[in-house]
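Examination of the molecular architecture
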Amino acid sequence: FSLNLAVDCNAVLKALQPIFQEQGMTETVHNWEDHGYLVTYIKKNGSFANLRIHPHGLVLVDLQSYNDHMKGREEADQLLNKVEERMKELFHGNIKRVKRLPAILRGGVIDRYWPTADGRLVEYDIDEVVYDEDSPFQNIKILHSKQFGNILILSGDVNLAESDLAYTQAIMGSGKEDYTGKEVLILGGGDGGILYEIVKLKPKMVTMVASNIDQMVIDGCRKHMRKTCGDVLDNLKGECYQVLIEDCIPVLKRYAKEGRMFDYVINDLTAVPISTSPEEDSTWEFLRLILDLSMKVLKQDGKYFTQGNCINLTDALTLYEEQLSRLYCPVEFSKETVCVPSYMELWVFYTIWKKQTDI
């Protein structure tokens, strides 16, 4: 409850006490002269409530129950309804806002809560754990969402859902490129989504390679993300593609030494780091190295596509753009913002190309 006026904390406590006492809850009161009251109410079945009364006009009620049955939820709603009614009686038109949040299920068999890139907590409609394994590199989860289909989550980071064709299309150039007869290099992309979509476009050859590409990711996606990857992960080689289970840095160095060049390089290894201290973050060093090596194997008229990060992370995105001026060759770039369904946030994608110089 957010109020339009300062409150008498003791008066609020006395008004609300009977509601909790009717539930057979025992009361413990803590008070501070200038900082209001914290009151805890405990029930014999383990349920408890915290009532926090701030003198400046904020009253918070947090109710926790160990009863997951419908009856327990109904009891909680009834108690909160009584608290709301009593507060309205006490303060009449002086309540600026009443906000009731949905219940958070702690310790559930299925984890429904995952953070966005900019640190907001999102509750997904997860109803099934499809795949959950630890590889030598990371934890791999594939969870089923009623809205988004199966979602790939790597070490707590939402990567891609079956609903997220928008992501794949954006990191391929948003339908503006002609891949017919072209040489394409994909860095990362273990879910198979980019490979599956490019193969449809009749390229000459697609090579997919990643830093420590995780065979268990491929195995999990091949079985449980087929709406995303189709059949391209069933075999590591096809008519116009190959998947290399190798570290991408030695591969890129080898290609540069051999003079092998690509029309398109698509980097799906990692998002732009959230850290804004590149000198202290090895992920930034890795990204700069990948960028330099990618430019060395990119044709003069070729294009490099990559994801950035959430549009709200402006400092990190600005820092990434600054790194582009430090490459061994001058480059230009453009960016596009796309709504990726399962991310529940706007995501920035970059197109980078070598700057044409006058001869």
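Placed above this text is the structure.
The structure reproduced in this document is the subject of the present report. (Residues numbered from 1 in each chain as written. Predicted model: local features only at pLDDT ≥ 70, side-chain atom pairs only at ≥ 80, totals over all residues. Heavy atoms only, no water.)

A few words now on helix α9 (residues 314-323). Every buried residue of α9 is listed here: A316, L317, L319, Y320, E321 and Q323. Those residues of α9 that are buried lie in contact with α8 (282-297), β17 (298-310), β18 (331-340) and β19 (345-354). (Buried < 20%, exposed > 50% of the residue type's maximum accessible area, 1.4 Å probe, protein only. Helix = DSSP H or I, 4+ residues; strand = E, 2+ residues; numbered from the N terminus. Contact = heavy atoms within 4.5 Å.)

Ranked by internal contacts, the top residues of the largest apolar core, which has 48 residues, are I198 and I266. If one sorts the elements of this core by residue count, strand β11 (residues 149-154) sits on top with 4 residues. Those residues in contact with I198, other than ones at most four positions away along the chain, are M172, Y179, V184, I186, P203, V206 and I266. Judged by nonpolar contacts, the second largest core, of 29 residues, contains L185, L319, L324 and C329. (Core = buried A, V, L, I, M, F, W, Y, C linked by side-chain atoms within 4.5 Å.)

If you check the backbone angles, H92 has positive phi at about 50 degrees while not being a glycine. Position of H92 among the secondary structure elements: in the loop between α2 (70-91) and β6 (95-97). You can call H92 exposed: its relative accessible area is 63%. At K202, a residue that is not glycine, the phi angle is positive and equals roughly 60 degrees.

Before going further, it helps to spend a moment on the pairing of strand β4 (residues 48-54). Across 6 bridges, the pairing between strand β3 (residues 36-42) and β4 is antiparallel. Bridge pairing in β4 links V39 to L51. Once β3 ends, the chain turns through 5 residues before running back antiparallel as β4, passing G46 with a positive phi of about 100 degrees. Alignment of β4 against strand β5 (residues 58-64), held across 7 bridges, turns out to be antiparallel. From the neighbouring strand, R52 faces β5, where its bridge partner is L60. (Pairing = 2+ DSSP bridges.)

The next point concerns the packing of aromatic side chains. Summed over all chains, the structure comprises 10 aromatic pairs. Their ring planes at 10 degrees and their centres at 4.2 Å tell us that F20 and Y41 sit as a pair that is stacked. A residue pair is termed long-range when its members are at least 10 positions apart, and F20 in helix α1 (residues 9-21) and Y41 in strand β3 qualify at 21 residues. No difference in accessibility class separates F20 from Y41, as the two residues are buried. Summarising the aromatic geometry, the rings of Y179 and Y264 are spaced 4.4 Å apart at their centres and angled 40 degrees between planes, so their arrangement reads as tilted. In this pair, Y179 sits in the loop between α3 (165-170) and β13 (183-188) while Y264 sits in strand β16 (residues 262-268), placing the two residues 85 residues apart along the sequence. Take Y179: its relative accessible area is 2%, and that puts it in the buried class. Here a set of aromatic residues connected by ring pairs shows up, and it is made of Y167, Y343, W347 and F349. Stacked on the ring of Y255, the Lys or Arg R260 has its end atom at 4.7 Å from the ring centre. Lying across the ring of Y328, K296 places its NZ or CZ 5.6 Å from the centre. (Phe/Tyr/Trp six-rings, centres within 6.5 Å; stacked < 30°, edge-to-face > 60°. Lys NZ or Arg CZ within 6 Å of the ring centre and 35° of its normal.)

The 4 strands are arranged β9-β10-β11-β12 in an open sheet whose pairing can be described as antiparallel. The sheet is open, and its two edges are formed by β9 (126-134) and β12 (157-161), each paired on a single side. Across the sheet, the mean angle separating the axes of adjacent strands is 25 degrees when strand polarity is ignored. Taken together, the 6 bridges between strand β10 (residues 139-145) and β11 define a ladder with antiparallel strand orientation. Paired with H144 across the bridge in β11 is N150. Contacts from helix α5 (residues 215-224) reach β9, β10 and β11 within the one sheet, and its direction differs from that of β9 by about 150 degrees. (Axes fitted to C-alpha atoms, helices over the stretch in contact; angles between N-to-C directions.)

None of the figures reported here should be taken as evidence of function without further support.
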